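Residues per chain, in single letters:
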Amino acid sequence: MGKIIAVANQKGGVGKTTTVINLGVALTELGYTVLLIDLDPQSALSISAGVDVAALPRSVYDVLIDADVPIRDVILSLRSRLDILPASIDLAGAEMELMAEIGREAILRERLEHVRQEYDYILIDCPPSLGLLTVNALTAADGVIIPLQSEYLAMRGMQQLLQTIDKIRKKVNPDLKIIGVLGTMYDGRTAHAREVMDEVRTVFGDLVFAPVIKKSIRFAEAPVANLSLIEYAPDHEGAQAYRQLAKEIAHG
């Protein structure tokens, strides 16, 4: 049965989508079968993977809203051992439509039960908010990875996310674990970035992953080619860092 991992942070632009697609590809390189789930109405994960979101007949929105839509019919194959449940702009209205549903926090978990056994890992790209879509992801997940931009204000914003995770544990998913905190957009040339990462390691200790994802224009170039960085520039230090992260996840 697949391990479900939500990649979450209510702050935008911290590397959630980059982490999902590169970690997913790195896990397939290790021989695992992976499903990526785009739970962000901006559809950045789907677009980065080369999905024409404007032409999608159905998306994760339909899976969440209509229990009669088979999730297998919406999942797309990207390449060997790598599938995606794509998003479209329709997802922007999902939170309002789901508010009246009984058990609305657990809808995604229920839908994933139909395919969970088919994958080794299911990675969920959460939107930059702590609304009902993120709550669904955390309710479905076994664990959460928190990408954290190497800036002071990003560190300060962690408290709200941690409080949400604690509420999810108490109310709907007692087994939810923080798998780790991933330093992203790191610029080791600045004292500020080094100080923030030192503080993160002091606060979170062993929960901080060893690899740190450094800033690089290559991360912006790869989606233009509809590729992960690992495929676009396989020898790049960012690609190597995500491979190391995949090994930590697989062996953890």
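Conventions and cut-offs
Residues numbered from 1 in each chain as written. Predicted model: local features only at pLDDT ≥ 70, side-chain atom pairs only at ≥ 80, totals over all residues. Heavy atoms only, no water. Helix = DSSP H or I, 4+ residues; strand = E, 2+ residues; numbered from the N terminus. Rg over C-alpha atoms; globule rule 2.2 N^0.38 Å. Buried < 20%, exposed > 50% of the residue type's maximum accessible area, 1.4 Å probe, protein only. Areas by Shrake-Rupley, 256 points an atom, 1.4 Å probe, with all protein chains shown as cover. Lys, Arg positive; Asp, Glu negative; His and termini not counted. Charge placed at Lys NZ, Arg CZ, Asp CG, Glu CD. Pairing = 2+ DSSP bridges. Core = buried A, V, L, I, M, F, W, Y, C linked by side-chain atoms within 4.5 Å. Contact = heavy atoms within 4.5 Å. Polar contact = N/O pair within 3.5 Å; in protein donor to acceptor, adjacent residues only side chain to side chain. Axes fitted to C-alpha atoms, helices over the stretch in contact; angles between N-to-C directions. Parallel < 35°, antiparallel > 145°, perpendicular 65-115°, else oblique. Left-handed = near helix turned anticlockwise from the far one by under 90°. Expected span 1.5 Å × (residues − 1). Arc of directions from axis to C-beta.

Asker: What is the right way to read the overall build of the protein from this model?
Answerer: The secondary structure content of the protein amounts to 13 helices and 7 strands. Here the C-alpha atoms of the protein give a radius of gyration of 17 Å, agreeing with the 18 Å that 2.2 N^0.38 yields for 252 residues. In the protein, which comprises 252 residues, the proportion classed as buried is 53%. Of the roughly 11,300 Å² that the protein leaves accessible, carbon and sulfur atoms contribute 50%. When the 25 basic and 33 acidic side-chain charges of the protein are each reduced to a single mean position, those positions are 6 Å apart.

Asker: Would you explain the pairing of strand E7 (residues 177–184) in this entry?
Answerer: A regular strand places its side chains on the two faces of the sheet in alternate fashion. Of all 8 residues in E7, 6 are buried, a share of seventy percent or more. Where strand E6 (residues 143–149) lies against E7, 7 bridges are found, and the strand directions are parallel. Bridge pairing links Pro147 to Leu182 in E7.

Asker: Just to check I follow, could you spell out the nonpolar core for this structure?
Answerer: One broad rule of soluble globular proteins: the nonpolar side chains tend to lie buried together. With 54 residues, the main nonpolar core has Leu39 and Leu112 as its most contacted residues. Counting residues per element, this core draws most heavily on helix H7 (residues 132–140), at 6 residues. Sequence-distant contacts of Leu112, defined by excluding residues within four places in its chain, comprise Ile4, Ile37, Ile71, Ile122 and Ala140. Ranked by size, the runner-up nonpolar core spans 32 residues in total, among them Val20, Leu82, Ile84 and Ile145.

Asker: Any chance you could explain the side chain of Asn22 here in plain terms?
Answerer: Structurally, Asn22 is set in helix H1 (residues 16–29). Judged by relative accessible area, which is 2%, Asn22 ranks as buried. Engagement of the side chain of Asn22 in a polar contact is seen with the backbone oxygen of Thr18, the distance being 2.9 Å. Within the local environment of Asn22, its side chain forms a polar contact with the backbone nitrogen of Ile230, the two atoms lying 3.2 Å apart. Among all residues touching Asn22, those that are not within four sequence positions of it are Phe219, Ser228, Leu229, Ile230 and Tyr242.

Asker: Sorry if this is basic, but what is going on with the packing of H1 against helix H13 (residues 237–251) here?
Answerer: Helices that pack against each other are described as a pair by the angle of their axes relative to one another and the distance between those axes. With their axes 8 Å apart at the nearest point, H1 and H13 run at an angle of 70° to one another. Classified by the angle their axes make, H1 and H13 are roughly perpendicular. Note that H1 runs across H13; the crossing there is right-handed. Contact with H1, carried on its side by Thr18, Thr19, Asn22, Leu23, Ala26, Leu27 and Glu29, involves Tyr242, Arg243, Leu245, Ala246 and Ile249 of H13 and no other residues of that element.

Asker: Please clarify how helix H10 (residues 191–204) should be interpreted in this entry.
Answerer: Along an α-helix, residues three or four apart share an orientation, since each turn contains 3.6 residues. With 14 residues, H10 should reach 20 Å at 1.5 Å per residue; the first-to-last C-alpha distance of 20 Å fits that figure. Of the residues making up H10, those classed as buried are Ala193, Val196, Met197, Val200 and Phe204. One side of H10 carries all its buried residues, which in axial view fall inside an arc of 95°. In H10, the exposed positions that point more than 90 degrees away from the buried face belong to Glu195 and Thr202. Looking at the buried residues of H10, the elements they touch are E6, helix H8 (152–156), helix H9 (158–171) and E7. One or two residues past the end of H10 sits Gly205, with phi positive at roughly 55°.

Note that all results are geometric; they support no functional claim without further evidence.
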